[in-house]
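One letter stands for each residue in the lines below.
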Amino acid sequence: MSVTSPPVSAEKGKRPQTAMRESATAVSGALDALRMQVRAIEGHTLDDDRAHPVLPFADARLNAPLPGGGLLLGALHEFTANALEAELAPAVTGFAATVLAAHLRARGGFALWAASQTDCYVPGLRRFGLDPARIVFVDCRKDTEVLAVMEEALHSRAVASVLGEAGALTLKTGRRLDAAARASGTLALLIRRHVVKPRGVTGEPSGAASTRWRVAAVPSSDVFGSLGPPRWRLDLDYCRNGRTASFIVEALDGADGNLEAGHWKAGHVRVVAELRDDARAAEAPEAREAARTAGPS
């Protein structure tokens, strides 16, 4: 007598694959729920981000990694640098001044600038399109006063923008600043200046900012034998609901006009190169195009 096994139905044959798909779906759903819980603990929700407009850069390539196509208003944005530049902050200050100038031009009003190191050459801010007459400068004795002044100014809604310079920042204070910016719809910029870290406080990013930028100076272009506009390397290390990116940009102080025609307003920046893994991506787009069209010699 031969013994045969009962036929295995097609449905039973698919059960392991179906179980795997269902398990993967359950894990994905659990991870999404966990991300939402973490964002809620941090005080961030997608609805919060959608409730505020954005400040777009003049160059659309800078807007590509940012949700909504620009810097979120009603949010905290951090700017920092590496090594000695993090203390002296010349490149960071120049780029932050450019962002501040673009916002004041778009919205009007005044900005508050709080710092404990009063080494900023105020007339030089005009080079980046920022009118010092539209800034209220507040000299503070220490970082905690800078952060307190920023929070009070954000809650007051009396200014269009708030910029502070501080190295010591706890996660709790960062969240308070971001919450105050969200409540008022005011743009909050923070330049992280630090080399020596205070006891109990790290110089690391606060974790509460909407974006975190790392700025470094790069060699300027040579224009008729003289230095051209300032150039910076921008590393967007963190972008909430967006993606990271790296660029080389330069400040522009040309005449007002059509951006497509090459005329830029002061207080704007344009992308000189988008940085990727390819080493040639660090070259200026014009140079790459010229090399492509020239062909082999």
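Residues numbered from 1 in each chain as written. Predicted model: local features only at pLDDT ≥ 70, side-chain atom pairs only at ≥ 80, totals over all residues. Heavy atoms only, no water.

(A) The arrangement of the overall build of the protein chain in detail. Counting its regular elements, the protein chain contains 8 helices and 13 strands. Among the 297 residues that make up the protein chain, the fraction classed as buried is 41%. Of the contacts made within the protein chain by residues no fewer than 6 positions apart, 63% connect residues no fewer than 24 positions apart. Looking at the protein chain as shown, the accessible area adds up to about 16200 Å², and 56% of this sits on carbon and sulfur atoms. (Helix = DSSP H or I, 4+ residues; strand = E, 2+ residues; numbered from the N terminus. Buried < 20%, exposed > 50% of the residue type's maximum accessible area, 1.4 Å probe, protein only. Contact = heavy atoms within 4.5 Å. Areas by Shrake-Rupley, 256 points an atom, 1.4 Å probe, with all protein chains shown as cover.)

(B) A look at helix H6 (residues 143-156). Spanning 14 residues, H6 covers 20 Å between terminal C-alpha atoms, matching the ideal 20 Å at 1.5 Å per step. Buried within H6 are the following residues: Asp-143, Val-146, Leu-147, Met-150, Glu-151, Ala-153 and Leu-154. An end-on view of H6 places all buried positions within 165° of arc, on one side of the element. Facing away from the buried side of H6 by over 90 degrees, the exposed positions are Thr-144 and Glu-152. Immediately beyond the C-terminal end of H6, within one or two residues, lies Arg-157, with a positive phi of roughly 60°. (Expected span 1.5 Å × (residues − 1). Arc of directions from axis to C-beta.)

(C) Expanded view of the packing of aromatic side chains. Tallied over the full model, the rule gives 7 aromatic pairs. Centre to centre, the rings of Phe-57 and Trp-213 are 6.1 Å apart; their planes meet at 70°, and the pair counts as edge-to-face. Of this pair, Phe-57 sits in the loop between strand S1 (54-55) and helix H3 (60-63) while Trp-213 sits in strand S8 (residues 211-218), and the two are 156 residues apart along the sequence. Side by side, Phe-57 and Trp-213 carry an identical accessibility label, which is buried. Ring centres of Trp-113 and Phe-137 lie 5.9 Å apart, and the angle between their planes is 35°; this geometry places the pair in the tilted category. Of this pair, Trp-113 sits in strand S4 (residues 111-115) while Phe-137 sits in strand S5 (residues 135-139), and the two are 24 residues apart along the sequence. On the accessibility criterion, Phe-137 (33% relative accessible area) is partly exposed. (Phe/Tyr/Trp six-rings, centres within 6.5 Å; stacked < 30°, edge-to-face > 60°.)

(D) Empty space enclosed by the protein, seen in detail. Using the criterion set out here, one finds 2 cavities of 30 Å³ or more in the structure. Taken as a whole, the second largest cavity holds about 30 Å³ of empty space. If you trace the second largest cavity, you find it lined by Leu-66, Pro-67, Gly-70, Leu-71, Leu-72, Ser-210, Thr-211, Cys-239 and Arg-240. Looking at the lining of the second largest cavity residue by residue, the classes come out as 5 nonpolar, 3 polar and 1 charged. (1 Å grid on protein atoms, 1.4 Å probe; cavity = no way out; pocket = protein on both sides within 12 Å on 5 of 7 lines; lining within 4 Å. Points joined across faces, edges and corners; volume = space filled by probe spheres on them. Nonpolar A, V, L, I, M, F, W, Y, C, P; charged D, E, K, R; others polar.)

(E) Representation of the pairing of strand S11 (residues 231-239) within the structure. Alignment of S8 against S11, held across 8 bridges, turns out to be antiparallel. Across the sheet, residue Arg-212 finds its bridge partner in S11, namely Tyr-238. Judged from the 6 bridges that link them, S11 and strand S12 (residues 245-252) form a sheet pairing that is antiparallel. Counterpart to Leu-234 in the pairing with S12 is Phe-247. (Pairing = 2+ DSSP bridges.)

(F) Local environment of the confidence of the model for the protein chain. Residues with a pLDDT of 70 or more make up 66% of the protein chain, whose mean pLDDT is 77. When mean pLDDT is taken per element in the protein chain, S4 scores highest with 96 and helix H8 (residues 285-294) scores lowest with 49. In the predicted structure, residues 8-12 sits below a pLDDT of 50 and forms 1 contact with residues beyond four places in sequence or in another chain. Confidence drops under pLDDT 50 across residues 277-285; counting only partners more than four residues distant or on other chains, this segment forms 16 contacts. (pLDDT = per-residue confidence, 0-100.)

(G) Representation of the pattern of salt bridges. Under the definition given, this model contains 14 salt bridges. A salt bridge links Asp-237 to Arg-214, with the shortest nitrogen-to-oxygen separation between them at 2.8 Å. Placement of Asp-237 in strand S11 and of Arg-214 in strand S8 is noted, with a sequence separation of 23 residues between them. The exposure class of Arg-214 is partly exposed, given its relative accessible area of 25%. One salt bridge connects Arg-270 with Glu-250, and the closest N-O pair in it is separated by 2.9 Å. Of this pair, Arg-270 sits in strand S13 (residues 268-274) while Glu-250 sits in strand S12, and the two are 20 residues apart along the sequence. (Salt bridge = Lys/Arg side-chain N within 4 Å of Asp/Glu carboxyl O.)

(H) Representation of helix H5 (residues 90-107). Between its terminal C-alpha atoms H5 stretches 26 Å, which fits the 26 Å expected from 18 residues at 1.5 Å a residue. Most of H5 sits inside the fold, with 14 of its 18 residues counted as buried. The positive-phi residue at the C-terminal boundary of H5 is Gly-108, with phi of around 85°.

(I) Up close: the nonpolar core. Ranked by size, the top nonpolar core spans 42 residues in total, and within it Phe-57, Phe-95, Leu-130, Trp-213 and Trp-232 carry the most contacts. Elements supplying a minimum of two residues to this core: H5, S4, strand S7 (187-192), S8, S11, S12 and S13. The biggest single contributor to this core is H5, with 9 residues. Each residue touching Leu-130, except ones within four places of it in the same chain, is listed here: Ala-97, Leu-100, Ala-101, Leu-104, Trp-113, Leu-125 and Ile-135. Of all hydrophobic cores here, the second largest spans 19 residues; its members include Ala-114, Ala-153, Leu-154 and Val-162. (Core = buried A, V, L, I, M, F, W, Y, C linked by side-chain atoms within 4.5 Å.)

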